[in-house]
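# Fold and contact review
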Amino acid sequence: MATTNHNDLPCRERFDAMTEPQSSDGLTAAQAAQRLLENGPNALPASRPLSAGRLLLDVVAEPMFLLLVACGVIYLLLGDRNEALMLLGFVCIVMGITFFQRRRTERSLHALSDLSCPRALVIRDGKQGRIAGRDLVPGDLVLLAEGDRVPADIELLSTSNLTADESMLTGESVPVVKHSSAETDGSPACLVYSGTLITQGTASGLVVATGPHSALGRIGASLVSMGSELTPIQSETRRVVRNVAIGGLCLAAGLALVYWWLRGDALQGLLAGLTLAMAILPEELPVILTLFLGLGAWRLGRESILARSIPAIELLGATTVLCVDKTGTLTANRMDVAQLWSEQSAYACQSSHAGALQEELHGLLEYAVLASHRRAFDPMEWAIGQTGARLLANTEHLHADWRLIDDYPLSRHMLAMSRVWRSPDHSEFLVAAKGAPEAIIDLCHLAPARAAAIAAQVLAMANDGLRVIGVASATFAAPPLPDNQHVFDFEFLGLLGLHDPVRPEVPDAVAHCHAAGIRVVMITGDHPATAMAIARQAGIAGMASGLMSGMDLAALDDTALQARLAETDVFCRIAPEQKLRLVQAFRSRGDIVAMTGDGVNDAPALKAANIGVAMGARGTDVAREAAALVLLKDDFSSLLLAVQHGRRLFANLRKAIVFIVAVHVPIVGLSILPVLLGWPLLLMPVHILFLQMVIDPACSIVFEAEPIEADAMVSKPRRPGMHLFDREILLRGLLQGAGLLAMLVGFHVCVRWMGNADEVARATTFLSLVLSNLGLIYVNRQWAQPSWKRGVTSNRAFAWISISASLLLLLVLGVAAIRALFAFALPDLPLLMQCTFVAVLAIIWFECVKWGLSKWRRPRGLAAH
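Residues numbered from 1 in each chain as written. Predicted model: local features only at pLDDT ≥ 70, side-chain atom pairs only at ≥ 80, totals over all residues. Heavy atoms only, no water.

### Considerations on the overall build of the protein
Within the protein, the secondary structure is distributed over 31 helices and 22 strands. Expressed as a percentage of the 865 residues in the protein, the buried residues total 56%. Restricting to contacts in the protein with at least 6 residues of sequence separation, those with at least 24 account for 73%. Carbon together with sulfur atoms contributes 60% to the accessible area of the protein, which is approximately 35,500 Å² in total. (Helix = DSSP H or I, 4+ residues; strand = E, 2+ residues; numbered from the N terminus. Buried < 20%, exposed > 50% of the residue type's maximum accessible area, 1.4 Å probe, protein only. Contact = heavy atoms within 4.5 Å. Areas by Shrake-Rupley, 256 points an atom, 1.4 Å probe, with all protein chains shown as cover.)

### So, unusual backbone geometry
Here the phi dihedral of histidine 445 falls at roughly 50°; this positive angle occurs in a residue that is not glycine. Position of histidine 445 among the secondary structure elements: in the loop between helix 16 (437–444) and helix 17 (448–463). For arginine 573, which is not glycine, the phi torsion reads 50° and is therefore positive.

### Some thoughts on the pattern of salt bridges
A full pass over the atoms with the stated rule returns 17 salt bridges. Across the pair aspartate 591 and arginine 589 runs a salt bridge, and its minimum N-O distance is 2.7 Å. Through salt bridges with shared partners, one network takes in Arg299, Arg648 and Glu704. (Salt bridge = Lys/Arg side-chain N within 4 Å of Asp/Glu carboxyl O.)

### As for the packing of helix 25 (residues 636–677) against helix 28 (residues 758–780)
For any two helices packed against each other, the geometry is given by the interaxial angle and the distance between the axes. Where helix 25 contacts helix 28, the axes come no closer than 10 Å and their chain directions differ by 165°. Classified by the angle between their axes, helix 25 and helix 28 sit roughly antiparallel to one another. The element helix 25 and its partner helix 28 pack so that their crossing is right-handed. Contacts from Lys655, Val658, Phe659, Ala662, Val663, Pro666, Ile667 and Leu670 of helix 25 reach helix 28 at Thr765, Leu769, Asn773, Leu776, Ile777 and Asn780. Of the residues that constitute the contact of helix 25 with helix 28, the class distribution is 10 nonpolar, three polar and one charged. (Axes fitted to C-alpha atoms, helices over the stretch in contact; angles between N-to-C directions. Parallel < 35°, antiparallel > 145°, perpendicular 65-115°, else oblique. Left-handed = near helix turned anticlockwise from the far one by under 90°. Nonpolar A, V, L, I, M, F, W, Y, C, P; charged D, E, K, R; others polar.)

### Observations concerning the pairing of strand 15 (residues 467–476)
For strand 15, the buried fraction is high: eight of the 10 residues fall into the buried class. Sheet topology places strand 14 (residues 429–435) next to strand 15; seven bridges connect them, and they run antiparallel. Paired with phenylalanine 429 across the two strands is phenylalanine 476, which belongs to strand 15. (Pairing = 2+ DSSP bridges.)

### A word on helix 16
Note on helix geometry: an α-helix contains 3.6 residues per turn, so any two residues three or four positions apart are oriented the same way. Most of helix 16 is tucked away, with six of its eight residues classed as buried. Within helix 16, the full set of buried residues consists of Pro437, Ala439, Ile440, Ile441, Leu443 and Cys444. Downstream of helix 16 by a residue or two, histidine 445 has a phi angle that is positive, lying close to 50°.

### Topic: the sheet that holds strand 17 (residues 519–523)
Within a sheet, neighbouring strands are paired by backbone hydrogen bonds and run either parallel or antiparallel to one another. Strand order across the open sheet formed by eight strands is 8-22-21-20-9-17-19-18, with mixed pairing between neighbours. Only two strands of the sheet have a single partner each, and these edge strands are strand 8 (305–307) and strand 18 (546–549). Here the strands of the sheet are splayed against their neighbours by 20° on average, with no regard to which way each runs. Bridge count for strand 20 (residues 593–597) against strand 21 (residues 611–615) is four bridges, and the pairing is parallel.

### Structural notes on the packing of aromatic side chains
The full count for this structure, using the stated rule, is 11 aromatic pairs. Where phenylalanine 659 meets phenylalanine 703, the ring centres are 5.7 Å apart and the plane angle is 45°; that geometry is what we call tilted. With a gap of 44 residues between them, phenylalanine 659 in helix 25 and phenylalanine 703 in helix 26 (residues 685–704) connect regions that are remote in the sequence. Side by side, phenylalanine 659 and phenylalanine 703 carry an identical accessibility label, which is buried. On the basis of an interplanar angle of 45° and a centroid distance of 5.5 Å, the ring pair of phenylalanine 822 and phenylalanine 824 is categorised as tilted. (Phe/Tyr/Trp six-rings, centres within 6.5 Å; stacked < 30°, edge-to-face > 60°.)

### What to know about the nonpolar core
One finds Leu629, Phe636, Phe766 and Phe822 to be the most contacted residues of the largest nonpolar core, which totals 105 residues. Looking at this core element by element, the count peaks at 18 residues for helix 25. What phenylalanine 766 contacts, discounting residues up to four positions off in sequence, is Leu683, His687, Phe690, Leu691, Leu809, Phe822 and Phe824. Ala433, Leu446, Ala451 and Met461 belong to the second largest nonpolar core, which has 33 residues in total. (Core = buried A, V, L, I, M, F, W, Y, C linked by side-chain atoms within 4.5 Å.)

### Some remarks on helix 22 (residues 576–588)
The set of residues buried in helix 22 consists of Gln578, Lys579, Leu582, Val583, Ala585 and Phe586. Projected down its long axis, helix 22 carries its buried residues within an arc of 160°, all on one side. The positive-phi residue at the C-terminal boundary of helix 22 is glycine 590, with phi of around 95°. (Arc of directions from axis to C-beta.)

### Details of the environment of alanine 478
Assignment of secondary structure puts alanine 478 in the loop between strand 15 and strand 16 (491–499). Residue classification places alanine 478 among the partly exposed residues on the basis of a relative accessible area of 39%. The spatial distance from the C-alpha of alanine 478 to the C-alpha of serine 427 is 7.8 Å, given a sequence separation of 51 residues.

### Structural notes on a nonpolar patch on the surface
A grouping of Trp800, Ile803, Leu807 and Leu810 is seen on the molecular surface, where their side chains present a nonpolar patch of about 490 Å² in accessible area. Within the secondary structure, leucine 810 is located in helix 29 (residues 796–814). (Patch = residues over 30% accessible without salt bridge, like charges linked within 9 Å, V, L, I, M, F, W, Y side chains within 5 Å.)

### Notes on the sheet that holds strand 10 (residues 336–341)
Taken in spatial order, the seven strands line up as 11-10-16-15-14-13-12 in an open sheet, and their pairing is antiparallel. Two strands close off the open sheet at either side, each with one partner strand: strand 11 (346–348) and strand 12 (403–408). Strand-to-strand twist across the sheet, computed as the mean angle between neighbouring axes with direction ignored, equals 25°. Pairing analysis gives seven bridges linking strand 15 to strand 16, with the strands arranged antiparallel. Each bridged residue has a counterpart across the sheet, and for valine 471 the counterpart in strand 16 is glycine 494. Packed on one face of the sheet, helix 14 (residues 362–370) meets strand 10, strand 13 (416–422), strand 14, strand 15 and strand 16 and runs near 75° to strand 16.

### A closer look at the confidence of the model for the protein
Should the pLDDT be low somewhere, the predicted coordinates at that spot are not to be read in detail. The share of residues in the protein with pLDDT of 70 or more is 75%, and the mean pLDDT across the chain is 78. Ranking the elements of the protein by mean pLDDT puts helix 1 (residues 11–17) last with 35 and strand 16 first with 94. In this model, residues 220–229 is a region of pLDDT below 50 whose contacts with residues beyond four sequence positions or in other chains number 10 contacts. Counting contacts from residues 858–865, a segment whose pLDDT is below 50, to residues more than four positions away or on other chains yields 24 contacts. (pLDDT = per-residue confidence, 0-100.)

### Considerations on the side chain of aspartate 526
Secondary-structure assignment places aspartate 526 in the loop between strand 17 and helix 19 (528–538). You can call aspartate 526 buried: its relative accessible area is 6%. A polar atom in the side chain of aspartate 526 sits 2.9 Å from the side chain of lysine 326. Once residues lying within four places of it in the same chain are set aside, the contact partners of aspartate 526 are Lys326, Arg467, Cys572 and Arg573. (Polar contact = N/O pair within 3.5 Å; in protein donor to acceptor, adjacent residues only side chain to side chain.)

Next up, the structure:
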């Protein structure tokens, strides 16, 4: 390790040494606000959301509306001018509904960009805090650490072993060593650029350029490109729509030719064919898919869960294993020093009877403070600093005037860090070290008997759920400093036990995961006894649960590891690179793995997991970019909430598709049968258009807003290979639709047989169809229990759709001009009551299908979940 001077101090220590007010305190809030007005937000010109005009153009160009316009032209050719104008008026209404839905989706997706904005750690008004990267302004004092994405162009004031990956700007993959401006006299080596990545070390610096004025902004680069890939269900939906559309158009052309051949009227035949094409075309599918996924991501965002990958939302409901870390996810990440121990004495910091700290422990706490950053960012170091300030107050053991000379950071090979100090009146260097007890014992080169006694004390403290830290001290005569901490002659001082309580909501959340068939696995770097104690408090591990250490893992081959995974829920002393192997091992067993992580070295494991989950508050930018989900609140309950959303979204998508299949069966049947049986046409374009006003909002708004099923989180995860359009979905939809078609045809025949006019028979059949469609929505909103047990009020969107459809039916039947356009005659009251009776019979049939399929469905199907 190379020697550093004062300008190379770690950034948080450097602030303590600065004398300039702006450098140490940063900008004031008023200065920052003024500069933000002057310079604009720190953001690159991004792709703008689709304009209202572009969305309207896309809606107009849809096949459904082109077919409707063609029908209007045919009405004009037939001389039915009023019908043509009325039809086109309804076209405008349906287009307005479609435009509103797409506008809502576009806005919800665009709102997610605010959540995905990178964050920066700054000093403002002398206080350290994180702000949105877009709020950075020139002159801001920024802290950088390993794993951070540089939020703006920054001139470095201090550095400590700093390197940056500038490959996105230069194409060079080798990290670039950076130095402070005092060392480089303003050369590019003292600058880090927006969008580059800190790969090692720490630094502080002043923002010199933001947004379009940064190096990245000047070359017009784009940091993020999201949402361009097709997800599996999008590909499946596109394939289904294409196949159904091709088949439907062929069938419509055949019907037009048959009508012409049987009745000799080409224009009416073309109108019948276009009506059938409109009835078959499943144009709702792409709309509901876009809306469901967009609003699903938006709903997650409202719960402080950022979905960076749409496929992750699809897979959430299939998750079988949650691999979680301990600190900050299961625990509160709010540490307190609970116990101090040396070979001469012990002190319980949280005891109500604790008196003054014994003299024998002063050195232990003194050097624990010296081994920590003064401006503590890590909760453990903050707890040590607070305890030192409280217990060592008014003693000579706090050294605000000591100067930091160098530091030896924690590494994967040495789980301890050392900091080298010099006092104003002492020529020697004083070295403070803290870290894993076994690492400190190794640095102190202790005799086996003494090391064993200390290890026994570590185990006793860890069994109480404490995180145990060893502390040592050394002196060094003169520079240059060595490259390796082992060169120092360390003296063992004692142990600190830190308490990080389990979050109060974690045990219940873990229990819910277990009830949902999801296995929770804890992966941590802590001592085995500490890890097991926390796992038991969280409900992850029982008395018989297996535990595996990093050393055990390294000694196993892949086959042996596979055999151990089934019985192991706690993994301790795990190095970051070993997380990748664990994720791959779980996936090779067929599990769908969600993995949490926050460090630079966690990125490969996050990428390898089916669903990588990064911690938004304490995580590094590298981890966030590798992850599919970002928890803006670093707690386990957010992860469980994400799984609930995933299950709800997939289940509701399947319900919507069943409705689409079921509702199209009677529409297609009522379009074809009259032609084949020689009846007058039952459904015309205006009727199809009216039905679209009910179907489209129902598919997208009603089903998307449906709450999660009562038993969704007490059922096993769905099979990862389950398709949206599988056998059960088609069977459920076809059975419901075929039964409804049979009822409508039978009712139509009865109405005609009773001597009613064709217009009356058409009106009653259509009225029954619309009311039955509302019943179809009502029944399919949930599959786990009879519909009446949930009621209507649990979904306000359904209530509004039902009221709107009923009012529109009253308008159609009550206004003579509109009734004539629909080719209706007003039925009498007994016929209207019979229409209602048909709808009730249809609801009973739908419930029977639902009940029968729930008995037939195999246990592993879980289609509703």
